Amino acid sequence: MFRKFRTNFEMISNDTNNSLNIETQLIASLLVKSSVSKQLQTIAEKILHNERISCDDALVLYEKADLNFVGMLANYVKTQKFGNQVFFNKNIHIEPSNVCVHKCKFCSYYREKDDRESWEYSIDEIAAKLKTIPADALTEVHIVGGCHPSRTIAYYCDLLRLVKQILPHVYIKAFTAVEIEYMAKLNSMTICEVLTKLKESGLDAMPGGGAEIFDEKLREEICPSKTKSNDWLAIHKQAHQLGIETNATILYGHKETFAHRIDHLNRLRTLQDETHGFNAFIPLKYKKENNVLGIERELPWTEDLKNFSITRLFLDNIPHLKVYWPMLGKDFSQITLDYGVDDFDGTINDSTKIYSMAGSVEKTPIITQDEMITLIKDSGKTPVERDTLYNIIAIHNK
Ligand code: SF4
């Protein structure tokens, strides 16, 4: 993995415009000299000297810094890491079923088995869909869904093998830690046995879903039956130890406090220090439609941008910060690219429903590669196509 990062870094360094570095240095010096409080200046100096900020520092940023302050710093850090480049990939989302044994209060997606809005795709139905896709349209198949009450691990292994048979060149990024835990329970297997079997069947990487918020008391309130926080972390640790790279998420904008968000980020940062197995972090905004959590007001966009920025500043050891554009919208997602985000996710060539059922901005989350490149270029950035593990496929700098 380290060799991969070094190779990418060398390609990025060669591509980075020198004047951009000068510009970011100027921004940095302006920040520390401006009329912000001594407390904020001290935090800014830490960031500019590549020192890790503490949980207390992050709380000060949430409570006392304005959006411009954290945004400029986040953009500075992002630019130091990746220059002007913004990553994307060509992927498809497959959701085998929305039938789920859990009933998380914030979830707008799960349905009972006999509900008319439920679906349970067979292997043949998924195969038929995959066969309609030109092989060069994808480098990744992303598979997540509900914890189906009776589908055994054999179904999921068959599905992985089928994807590799139809599209042998793609990476498969599949199954949240919550789905993995349920497979282990249903099949009386250990987590290690489940992950090993899935890997043998074609699993290359895991997404970061199901993390929600780690604070045990709040987790019990919003998703009582779901994988416990320490178990979510232990499953990702086990995956990393087996050579399966993963992502991580947070669900924000519901009942959590700033301290809860920081605690969540800190648990991830601590695990990443140990395993180095997380590739990307994706903040997921709570959407209020069609769920029973009962929160009337979604966070304003200024809070979203601030949250992206502080996340970039705190998670100094997880390389990529990704915006999930179907949830926030293409236009707003473009703006996040100036607030620490370096990854625009993928073309998501499917009618994914997890967020559209919760009231996401984009109702048909499909984008062509050309549109993706144009969106990123219109933001003044250089689009870089990547694979699932962030190996660079093409730099679109013309
Ligand atoms: S959030 Fe996931 S685990 Fe919870 S009910 Fe929805 S699909 Fe099931």
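The following paragraphs examine the structure supplied in this document.

Here is what the cut-offs are and how they apply
- Residues numbered from 1 in each chain as written.
- Predicted model: local features only at pLDDT ≥ 70, side-chain atom pairs only at ≥ 80, totals over all residues.
- Heavy atoms only, no water.
- Helix = DSSP H or I, 4+ residues; strand = E, 2+ residues; numbered from the N terminus.
- Buried < 20%, exposed > 50% of the residue type's maximum accessible area, 1.4 Å probe, protein only.
- Contact = heavy atoms within 4.5 Å.
- Areas by Shrake-Rupley, 256 points an atom, 1.4 Å probe, with all protein chains shown as cover.
- Pairing = 2+ DSSP bridges.
- Right-handed = clockwise from strand over helix to strand, strands pointing away.
- Axes fitted to C-alpha atoms, helices over the stretch in contact; angles between N-to-C directions.
- Parallel < 35°, antiparallel > 145°, perpendicular 65-115°, else oblique.
- Left-handed = near helix turned anticlockwise from the far one by under 90°.
- Nonpolar A, V, L, I, M, F, W, Y, C, P; charged D, E, K, R; others polar.
- Polar contact = N/O pair within 3.5 Å; in protein donor to acceptor, adjacent residues only side chain to side chain.
- Phe/Tyr/Trp six-rings, centres within 6.5 Å; stacked < 30°, edge-to-face > 60°.
- Salt bridge = Lys/Arg side-chain N within 4 Å of Asp/Glu carboxyl O.

So, about the overall build of the chain. Regarding its fold elements, the chain presents 16 helices and 11 strands. When the 398 residues of the chain are sorted by exposure, 59% land in the buried category. In the chain, of all internal contacts separated by at least 6 residues, the share reaching a separation of at least 24 is 75%. Approximately 16,400 Å² of the chain is accessible, and the part contributed by carbon and sulfur atoms is 52%.

A few words now on the pairing of strand β2 (residues 91-94). Residue alternation in β2 divides its side chains into two sets, Asn91 and His93 and Ile92 and Ile94, and both sets are buried. Both β2 and strand β3 (residues 140-143) contribute to a ladder of four bridges, which runs parallel. Counterpart to asparagine 91 in the pairing with β3 is glutamate 140. Handedness of the β-α-β unit built from β2, helix α6 (residues 123-131) and β3 comes out right-handed.

This brings us to the packing of helix α3 (residues 38-48) against helix α4 (residues 55-64). Between α3 and α4, the shortest axis-to-axis distance is 10 Å and the interhelical angle comes to 125 degrees. Considering the angle they form, α3 stands oblique to α4. Handedness of the crossing formed by α3 with α4: left-handed. Residue-level inspection shows Gln39, Leu40, Ile43 and Lys46 of α3 in contact with α4, the latter providing Asp57, Val60, Leu61 and Lys64. Of the residues contributing to the contact of α3 with α4, the split by class is four nonpolar, one polar and three charged.

Along the polypeptide, lysine 322 turns up in the loop between β8 (320-321) and α14 (325-328). Its relative accessible area of 4% is what places lysine 322 among the buried residues. Within the local environment of lysine 322, its side chain forms a polar contact with the side chain of aspartate 345, the two groups lying 3.3 Å apart. If we skip the residues at most four places from it in the chain, lysine 322 touches Lys173, Asn247, Phe281, Ile282, Pro283, Phe308, Val341, Asp343, Asp345, Arg386 and Tyr390.

Throughout the structure, instances matching the rule amount to 10 aromatic pairs. Taken together, the ring pairs connect Phe82, Phe87 and Tyr390 into an aromatic cluster.

The next thing to look at is the sheet that holds strand β1 (residues 85-89). The strand order across the open sheet built from four strands is β9-β1-β10-β11, with neighbouring strands paired in mixed fashion. Bordering the open sheet on either side are β9 (343-346) and β11 (392-395), each of which pairs with just one other strand. Looking at each pair of strands side by side, their axes are set apart by 25 degrees on average, direction ignored. One ladder, built from three bridges, connects strand β10 (residues 382-386) with β11; its direction is antiparallel. Looking at the pairing, glutamate 385 lines up with alanine 394 of β11.

Moving on to the pattern of salt bridges. Inspection of every chain in the model, using the stated rule, returns 23 salt bridges. Lysine 255 serves as the salt-bridge partner of glutamate 221, at 2.9 Å between the closest nitrogen and oxygen. You can see glutamate 221 sitting in helix α10 (residues 216-222) and its partner lysine 255 sitting in the loop between β6 (245-252) and α12 (258-275), a full 34 residues away along the chain. Lysine 287 serves as the salt-bridge partner of glutamate 298, at 3.1 Å between the closest nitrogen and oxygen. One end of the pair, glutamate 298, is in the loop between β7 (278-285) and α13 (301-314); the other, lysine 287, is in the loop between β7 and α13, and 11 residues separate them in sequence. With relative accessibility at 9%, the residue lysine 287 sits in the buried group. One connected set of salt bridges, linked through shared partners, spans Arg52, Asp273 and Asp316.

With that settled, the discussion passes to the environment of leucine 265. You can see leucine 265 is positioned in helix α12. The buried category is assigned to leucine 265, whose relative accessible area is 1%. When the C-alpha positions of leucine 265 and threonine 249 are compared, they lie 9.2 Å apart, and in sequence the two are 16 residues distant. Among residues more than four places away in sequence, those in contact with leucine 265 are Phe281, Thr311, Phe314 and Leu315.

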